[in-house]
There are 2 protein chains.
Amino acid sequence: MNYNEAKMKFVSTWGSLGTLWGINKAMAQIQALLFISTKPLSMEDIMEELKISRGNTSMNLRQLMDWGIVTKEIIPGERKEYFTTEKDVQELARVIAKERSRREIQPVIKVLKEVSSIQDDGTEKTRELIKQTKALHDLTQTADDMINKLVTQKQNWITKSVLKLIK
Amino acid sequence: MNYNEAKMKFVSTWGSLGTLWGINKAMAQIQALLFISTKPLSMEDIMEELKISRGNTSMNLRQLMDWGIVTKEIIPGERKEYFTTEKDVQELARVIAKERSRREIQPVIKVLKEVSSIQDDGTEKTRELIKQTKALHDLTQTADDMINKLVTQKQNWITKSVLKLIK
DNA sequence: TTAAACTTTCAATAATTATTGAAAGTTTAT
DNA sequence: ATAAACTTTCAATAATTATTGAAAGTTTAA
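So, here is what we can say about the structure in this document. Just so it is clear, the model here is predicted, and its values are computed rather than measured. (Residues numbered from 1 in each chain as written. Chains lettered and ligands numbered in written order. Predicted model: local features only at pLDDT ≥ 70, side-chain atom pairs only at ≥ 80, totals over all residues. Heavy atoms only, no water.)

## Considerations on the overall build of chain A
- Helix and strand content of chain A: seven helices and three strands.
- Counting all 167 residues of chain A, 46% fall into the buried class.
- Sequence-distant contacts in chain A: of pairs separated by 6 or more residues, those separated by 24 or more amount to 54%.
- Carbon and sulfur atoms provide 52% of the accessible area of chain A, an area that totals close to 8,900 Å². (Helix = DSSP H or I, 4+ residues; strand = E, 2+ residues; numbered from the N terminus. Buried < 20%, exposed > 50% of the residue type's maximum accessible area, 1.4 Å probe, protein only. Contact = heavy atoms within 4.5 Å. Areas by Shrake-Rupley, 256 points an atom, 1.4 Å probe, with all protein chains shown as cover.)

Next up, the structure:
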């Protein structure tokens, strides 16, 4: 496998994985491309490499900037805008986890809290609803806390020591 | 909020959350419905409650059984098949995490390993590709290990003690 | 063995989501 | 103030994914 094959394989795999971390294919591919680039890329560069339209590139770059994982670079003397992504995987993971928690997990926790707090009328079905949604609430809350805690740590040693502990 | 409102709210919220754990809306809604039901439900019951077609119900129940979170119950004297879901949230989380790891994370780890193992030809771009995909490989592998380890624990105490440790 | 009761399959269709491309908008140089 | 260089917006279209419903398949009872 040569450089170009490897690059294409990485970009497309990372792209199709997008759904796993809650972003779309083009967005994930753009991020992947920037992630392995040795220098900032222009919209033109990205369009060309990924064979996607200008509009698509523009919209997805905007979204990546909203997520806080891509930033504009102004290159003196150049009219075009250039883009780079966060290069530290730990930091990248931190930002993604934080955003997903905020956008998706928090709203669900809120609903679970509401639903599990309805008046217990003593019927079996109400009891079951309360019991099960409460259990789900606790689990979701705990998982969310853990993700946030783990991911907030800047150093890697803690992750390693946790792994060792629970092995 | 009365029982029916709460039930609907839970089912539809859990349904739209489906994407987060990698299953589709109908699948997630069926699971949600079973999760708060006090007794096994028939296909008829599910179709009626969720207003979805027979075919859709059948296919999604099958998928839930493939995932291992829904099982058929044979009720003596009854011709219809009845279904129940795993009621323990910890066990549910375990099964889901395991399946997602197997279906989605493992293949990505494999590709990252391949890509990061290409011949280093000494050029800057190849070096960057190797370096970055290797970092991603390590991170993904570590995260996957952690999820599996944590989720394998049957007891909750370990989760709590880990949380305490990293607070 | 037949027929009723039920489930599965799958081609057709609908719903959703992503992508394009060109017009409108913005910035910069002269 | 103008025009060239560039970016954004968004209605139209394409691609993908989910859903239906009816025909085919299966199981059970008599």
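There's more to say after this.
## Looking at the protein's contact with DNA strand D
- Neighbouring residues of DNA strand D: 17 residues in total, closest A:Ser58, A:Arg62, B:Ser53, B:Asn56 and B:Arg79.
- Within the backbone of A:Glu81, one N or O atom sits 3.3 Å away from a phosphate oxygen of DNA strand D.
- In this structure, a base oxygen belonging to DNA strand D sits 3.0 Å away from a side-chain N or O atom of B:Arg79.
- Of all elements in the fold, only helix H4 (54-67) of chain A together with helix H4 (54-67) of chain B reach the threshold of two or more residues within the surface near DNA strand D.
- Ranked by residue count, the leading element in the surface near DNA strand D is H4(A), at five residues.
- Classifying every residue of the surface near DNA strand D gives four nonpolar, six polar and seven charged. (Near = heavy atom within 4 Å. Polar contact = N/O pair within 3.5 Å; in protein donor to acceptor, adjacent residues only side chain to side chain. Nonpolar A, V, L, I, M, F, W, Y, C, P; charged D, E, K, R; others polar.)

## A word on the interface of chain B and chain A
- Taken together, the contact pairs 50 residues of chain B with 50 residues of chain A.
- Carbon and sulfur atoms supply 79% of the area that chain B and chain A bury against each other, a total of about 5,000 Å² over both sides.
- Counting every contact that joins chain B to chain A gives four salt bridges.
- The salt bridge partner of A:Glu114 is B:Lys9, with a shortest N-O separation of 2.6 Å.
- Linking chain B with chain A are eight residue pairs in polar contact (both at pLDDT 80 or more).
- Broken down by secondary-structure element, the contributors of at least two residues to the side of chain B that touches chain A are helix H1 (3-16), helix H5 (89-116), helix H6 (124-152) and helix H7 (157-166) of chain B.
- With 15 residues, H6(B) is the single largest residue contributor to the side of chain B that touches chain A. (Buried area = accessible area lost by both parts, 1.4 Å probe. Salt bridge = Lys/Arg side-chain N within 4 Å of Asp/Glu carboxyl O.)

## Quick look at the packing of helix H2 (residues 25-35) of chain A against helix H3 (residues 43-50) of chain A
All names here are of chain A.
- As a packed pair, H2 and H3 sit with axes 11 Å apart at the nearest point and diverge in direction by 110 degrees. In this view, H2 runs roughly perpendicular relative to H3, as classed from their interaxial angle. In this structure, H2 uses Gln 29, Ile 30, Leu 33 and Leu 34 to contact H3, whose residues at the interface are Ile 46, Glu 49 and Leu 50.
- Residues of the contact of H2 with H3, tallied by class, amount to five nonpolar, one polar and one charged. (Axes fitted to C-alpha atoms, helices over the stretch in contact; angles between N-to-C directions. Parallel < 35°, antiparallel > 145°, perpendicular 65-115°, else oblique.)

## Comments concerning the protein's contact with DNA strand C
- As a matter of local geometry, DNA strand C sits amid 17 residues, with A:Ser53, A:Asn56, A:Arg79, B:Ser58 and B:Arg62 nearest to it.
- Taken together, the sugar and phosphate atoms account for 63% of what DNA strand C places within 4 Å of the protein.
- In this structure, A:Arg79 approaches DNA strand C through a side-chain N or O atom, which is 3.1 Å from a base oxygen.
- B:Arg79 has a polar side-chain atom sitting 3.4 Å from a base nitrogen of DNA strand C.
- Mapped onto the surface near DNA strand C, the elements with two or more residues apiece are H4 of chain A together with H4 of chain B.
- Sort the elements by how many residues they give to the surface near DNA strand C and H4(B) lands first, with five residues.
- Taken together, the residues of the surface near DNA strand C sort by class into four nonpolar, six polar and seven charged.

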